[in-house]
Amino acid sequence: MIKSHHFSAILPVNKTVFNWQKTDFIEVLKNAADTAELTVIGEVSFAFQPQGVSAVILLAESHIALHFWPEESKVTIDIHICDYQKDNLQKAQFLTQIITQEFSNCEYLKNWHYLSVSG
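Residues numbered from 1 in each chain as written. Predicted model: local features only at pLDDT ≥ 70, side-chain atom pairs only at ≥ 80, totals over all residues. Heavy atoms only, no water.

Looking at an unreviewed UniProt entry, one finds the chain named S-adenosylmethionine decarboxylase proenzyme and attributed to Sphaerospermopsis reniformis. Recorded in UniProt for the chain, the comment headed Cofactor (unreviewed entry) runs: "pyruvate". (UniProt positions renumbered as here; feature names shortened; annotations may be inferred.)

Put into structure tokens, the structure is as follows:
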């Protein structure tokens, strides 16, 4: 049986995020995944005109997707981590902490929603 952990959030962003390029978003997500001991296997990003960025990191355990909405001063984040071969819940939770610190000054877990799925 595979169990997966889904975390999603809409976070207010720090002012420094407004100066980032699409490559900065990718690097922050990759570093966060590495720190949480998850395995990065791919990446893609796109800068919208006149504003906004989408970035996705593919993981051996699943993915992290991010969308930056500068006009709203917010970032939406979707994290999906599977438990294939081992329990990865603590890694997924740690990842949400790291991402919150990198993007926002908001209180940790205040804005995160969690869903666990088994099948």
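After that view, the rundown keeps rolling.
Is there a simple way to explain the pairing of strand β4 (residues 62-69) in this structure?
Walk down a regular strand and you will see the side chains alternate between the two sheet faces. The sheet contact formed by strand β3 (residues 53-59) and β4 spans seven bridges and is antiparallel. When the sheet's bridge partners are listed, Val53 is paired in β4 with Phe68. Connecting β3 to the antiparallel partner β4 that follows it, the hairpin turn spans two residues. (Pairing = 2+ DSSP bridges. Helix = DSSP H or I, 4+ residues; strand = E, 2+ residues; numbered from the N terminus.)

Is there a simple way to think about the packing of aromatic side chains in this case?
The relation between two aromatic rings is expressed through the spacing of the ring centres and the mutual angle of the planes. If you walk through the whole model with that rule in mind, you get seven aromatic pairs. With centroids separated by 5.5 Å and ring planes inclined at 75°, the aromatic side chains of Phe18 and Phe68 adopt a geometry described as edge-to-face. With Phe18 in the loop between β1 (3-12) and α1 (22-35) and Phe68 in strand β4, this residue pair connects regions lying 50 residues apart in the sequence. For Phe68, a relative accessible area of 8% gives the class buried. Taken together, a centroid distance of 5.3 Å and an interplanar angle of 65° make the contact between Trp20 and Phe103 edge-to-face. Within this pair, whereas Trp20 is found in the loop between β1 and α1, its partner Phe103 is found in helix α2 (residues 89-103), the two being separated by 83 residues in sequence. (Phe/Tyr/Trp six-rings, centres within 6.5 Å; stacked < 30°, edge-to-face > 60°. Buried < 20%, exposed > 50% of the residue type's maximum accessible area, 1.4 Å probe, protein only.)

Explain the sheet that holds strand β2 (residues 40-47) to me, please; I cannot follow it from the model alone.
As a general point, the strands of a sheet are linked pairwise by backbone hydrogen bonds and lie either parallel or antiparallel. Read across the sheet, six strands follow the order β2-β3-β4-β5-β1-β6 without closing on themselves; strand pairing throughout is antiparallel. Of all the strands in the sheet, just β2 and β6 (112-118) have a single pairing partner and so form its edges. Mean inter-strand twist for the sheet, computed between neighbouring axes without regard to direction, equals 10°. When β1 meets strand β5 (residues 74-82), the two strands line up antiparallel, connected through nine bridges. Following the sheet pairing, His6 is matched in β5 by His80. (Axes fitted to C-alpha atoms, helices over the stretch in contact; angles between N-to-C directions.)

Is there a simple way to think about the nonpolar core in this case?
Side chains of nonpolar character tend, in soluble globular proteins, to be buried together. Counting 32 residues, the largest nonpolar core has Phe25, Ile64, Ile77, Ile79, Leu95, Ile99 and Phe103 as its most contacted members. Of all the secondary-structure elements, those providing two or more residues to this core are β1, α1, β3, β4, β5 and α2. At six residues, the largest contribution of residues to this core is made by α1. Filtering out sequence-adjacent residues up to four positions away, Ile77 remains in contact with Phe7, Ser8, Ala9, Leu11, Ile64, Ala65, Leu66, Ile99, Phe103 and Trp112. (Core = buried A, V, L, I, M, F, W, Y, C linked by side-chain atoms within 4.5 Å. Contact = heavy atoms within 4.5 Å.)

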